[in-house]
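Working through the structure, step by step
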Amino acid sequence: MTLQIYNTLSRTKEEFRPIEPGKVSMYVCGPTVYDYIHIGNSRPLIFFDTVRRYLEYVGYEVNYVVNFTDVDDKLIKRSLERGVPVPELANTFIDAYLQDARALGAEKALHPRVTENIDEIVAFIAGLVEKGAAYESGGDVFFRTKAFPKYGQLSHKNLDELQHGIRIDVDERKESPHDFVLWKAAKPGEIRWPSPWGEGRPGWHIECSAMAAKYLGETIDIHGGGEDLEFPHHECEAAQSEALTGKPLARYWMHNRYLNIAGEKMSKSLGNGLTVHNILQSAKPEAVRFVILSAHYRSPINFGDESLRQGEAGIERINNSYGNLIHRLRILTEAKTGWQPFTAEKLDAQLAEALQTAGLADEERGAETAEAEALRESALALKRFGERMDDDFNTPDAITALFDLTAATNKYLLVDHASIDVLQALKRAFERMDAVLGLLMNAADTGEDAEIERLIEERQEARRSRNFGRADEIRDELAGRGILLEDTAQGVRWRRK
Ligand SMILES: [Zn+2]
């Protein structure tokens, strides 16, 4: 099966075919940078980055753009309240966003800003005016929805239906109540740029059309965002772009559902401060990723103390298994001098071979060795992982495949004499899935693992010289840091509590 994506435009799952073979252009509406991002916004941040990771996993080169809205009504209001200029306020929260995104493992994107693209936005609007798809009125410029009969295509609404839902619009500057603003005339004291229609600033929708065209081209492969953006924001983007270029803005429109806040404790302790920044003070970022990815993106998520606790338990299970695997591998490789690591190609060939035997019925396989079983199970887990991700990015089932790999690894680690080949293959399977899911903790990066290993070695030394006092001291010290030691036939194994 090839990758299937649920397209909001057609309301069906479609086979994914990029415009250019091997390449994917992807645009996701980013944050308005007037405050820390709310935990609800971590869902599109983590999910669409996972889409990007998976597209790269299957071999695409991905151009991924997430814009920063660094000028709008909210920024202007907050800047006046705080007496801080808009650009300074925006920079503060762009830095905060990047810090959160890095912590959550979702930092790989190009981030253009509205204020750096004013010329392109003005040119875009001028093009629409020239085509009769926009008009100036009192210093503002509006999009003429009547000039674009396909308005409503994305949200599956028609103008007459929309009319019923709309309050009587008293804005007499507009030809139709559906028309929306492209350019806003500056009010006294507001940040402003020159334009053919007088000084002002862009409306919200136009920035995405202009930046998607500039950074990715007239038609992009995937456009994503939260379900709240489908109408009017994405409808307006689609209308502006197609009215100007005559081509559709995007081939696949993807929308993630809301994240609901559950759990009284969390609401009580954090109140309105349910920001990623606050939550990461006490929660592990991998646990947040686990919660977000443990639901399909088109289903709602309840985020709260209970789901976070489950997330912590989930990543502990995965990281313990992986940690034990790495430990076993280290003991074996250190014992074998001159041993060379296996190449990725060799490991992939091994997994492919294991997959072939997986197709055989139990009786045909005969008495299987622990090695063959571990290889077969890891190859099957990888296969299921790909199949489930191909089905409209089914991340909860992908996590289940990772748990299957965890179970196969734990079982294999019980053997007395483990094979380096098999351990390497298991490690590679873990790392491949994790390149997409991002649930392994980078303890090694902090140097903590190396220090733990050093203390364990010192403890062994103390025991050899019958200095049991010192040996116990080290065990207690490690226990105090949440590290549990286990004496096994293969040496000392450790894991985090
Ligand atoms: Zn947008």
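Residues numbered from 1 in each chain as written. Predicted model: local features only at pLDDT ≥ 70, side-chain atom pairs only at ≥ 80, totals over all residues. Heavy atoms only, no water.

Turning to the sheet that holds strand E10 (residues 250–256), a few remarks are in order. Read across the sheet, 4 strands follow the order E4-E3-E9-E10 without closing on themselves; strand pairing throughout is parallel. The open sheet has two edge strands, strand E4 (61–66) and E10, and neither has a second partner. Averaged over all neighbouring strand pairs, the angle between strand axes comes to 20°, with direction disregarded. Looking at chain direction, strand E3 (residues 23–28) and strand E9 (residues 220–226) are connected through 3 bridges and run parallel. Its bridge partner lying in E9, Val 28 is registered against Gly 224. (Pairing = 2+ DSSP bridges. Helix = DSSP H or I, 4+ residues; strand = E, 2+ residues; numbered from the N terminus. Axes fitted to C-alpha atoms, helices over the stretch in contact; angles between N-to-C directions.)

We now examine the sheet that holds strand E6 (residues 140–143). One open sheet holds the 4 strands; their spatial order is E5-E6-E7-E8, and the pairing between them is antiparallel. A strand with exactly one partner marks an edge of an open sheet, and here the two such strands are strand E5 (134–137) and strand E8 (200–202). With direction set aside, neighbouring strand axes in the sheet form an average angle of 20°. Here strand E7 (residues 181–185) runs beside E8; their pairing, made up of 3 bridges, is antiparallel. Looking at the pairing, Lys 184 lines up with Arg 201 of E8.

Further remarks concern the coordination of the zinc ion. The zinc ion binds to the protein through Cys 29 (SG), Cys 208 (SG), His 233 (NE2) and Glu 237 (OE); the donor distances cover 2.0 to 2.2 Å. One can describe the donor arrangement at the zinc ion as irregular, given that its 4 donor atoms subtend angles of 79 to 128° at the metal. Taken in chain order, the donor set of the zinc ion reads C-x178-C-x24-H-x3-E. With Cys 208 in helix H6 (residues 204–216) and Glu 237 in helix H7 (residues 230–245), this residue pair connects regions lying 29 residues apart in the sequence. Overall, Cys 208 belongs to the buried group, its relative accessible area being 1%. (Donors = N, O, S within 2.8 Å, 3.2 Å for Na, K, Ca; no water. Tetrahedral: all angles 85-135°; square planar, octahedral: opposite > 155°, others 65-115°. Buried < 20%, exposed > 50% of the residue type's maximum accessible area, 1.4 Å probe, protein only.)

The subject of this paragraph is H7. Its 16 residues place the ends of H7 21 Å apart at the C-alpha level, agreeing with the 22 Å of an ideal helix rising 1.5 Å per residue. Of all 16 residues in H7, 12 are buried, a share of seventy percent or more. Here H7 has its buried residues at Glu 230, His 233, His 234, Glu 235, Cys 236, Glu 237, Ala 238, Ala 239, Gln 240, Ser 241, Glu 242 and Ala 243. Packed against the buried residues of H7 are helix H4 (118–130), E6, E7, H6, E9 and E10. Immediately beyond the C-terminal end of H7, within one or two residues, lies Gly 246, with a positive phi of roughly 80°. (Expected span 1.5 Å × (residues − 1). Contact = heavy atoms within 4.5 Å.)

A few words now on the packing of H6 against H7. Across the interface, H6 lies against H7 with an axial gap of 9 Å and an inter-helix angle of 50°. Judged by the inter-axis angle, H6 sits oblique to H7. For the element pair H6 and H7, the recorded crossing hand is right-handed. Of the residues in H7, those touching H6 at Trp 204, His 205, Ile 206, Cys 208 and Ser 209 are Pro 232, His 233, Cys 236, Glu 237, Gln 240 and Ser 241. For the contact of H6 with H7, the residue count by class is 5 nonpolar, 5 polar and 1 charged. (Parallel < 35°, antiparallel > 145°, perpendicular 65-115°, else oblique. Left-handed = near helix turned anticlockwise from the far one by under 90°. Nonpolar A, V, L, I, M, F, W, Y, C, P; charged D, E, K, R; others polar.)

With that settled, the discussion passes to the packing of aromatic side chains. Considering all chains together, one arrives at 16 aromatic pairs under this definition. Relative to Phe 393, the ring of Tyr 54 lies with its centre 6.2 Å away and its plane at 90°, an arrangement referred to as edge-to-face. Within this pair, whereas Tyr 54 is found in helix H1 (residues 42–57), its partner Phe 393 is found in the loop between helix H14 (370–390) and helix H15 (395–412), the two being separated by 339 residues in sequence. For the residue pair Tyr 54 and Phe 393, the accessibility class agrees, reading buried in each case. Over the aromatic face of Tyr 297 sits the side chain of Arg 298, whose NZ or CZ is 5.9 Å from the ring centroid. Directly above the aromatic system of Phe 403 lies the positively charged group of Arg 317, at a separation of 3.9 Å from the ring centroid. (Phe/Tyr/Trp six-rings, centres within 6.5 Å; stacked < 30°, edge-to-face > 60°. Lys NZ or Arg CZ within 6 Å of the ring centre and 35° of its normal.)

Size of an interface, as often reported, equals the accessible area lost when the parts are brought together. When cut into domains, the chain gives domain 1 (4–256), domain 2 (312–318 + 329–431) and domain 3 (445–496). Contacts between the two partners involve 5 residues from domain 2 and, on the opposite side, 4 residues from domain 3. Contact between domain 2 and domain 3 buries roughly 420 Å² in total, counting both sides, with carbon and sulfur atoms accounting for 33%. By the criterion of area lost to domain 3, the three top residues of domain 2 are Arg 330, Ile 331 and Asp 416, representing 71% of everything that side buries. Seen at the junction of domain 2 and domain 3, the total is 0 salt bridges. The interface formed by domain 2 and domain 3 holds 0 residue pairs in polar contact (both at pLDDT 80 or more) in total. (Domains from an automatic or database assignment. Buried area = accessible area lost by both parts, 1.4 Å probe. Salt bridge = Lys/Arg side-chain N within 4 Å of Asp/Glu carboxyl O. Polar contact = N/O pair within 3.5 Å; in protein donor to acceptor, adjacent residues only side chain to side chain.)

With that out of the way, let us pick up the pairing of E7. In the sheet, E6 pairs with E7 via 2 bridges, with the strands oriented antiparallel. From the neighbouring strand, Phe 142 faces E7, where its bridge partner is Val 181.

Moving on to the pattern of salt bridges. For side chains of opposite charge, pairing can occur when their charged atoms come near one another. Inspection of the entire model under this criterion finds 37 salt bridges. The closest approach of N and O atoms between Asp 49 and Arg 52, which form a salt bridge, is 2.8 Å. Of this pair, Asp 49 and Arg 52 both sit in helix H1, 3 residues apart, roughly one helical turn. One salt bridge in this structure joins Glu 373 and Lys 411, with 2.8 Å as the shortest N-O distance.

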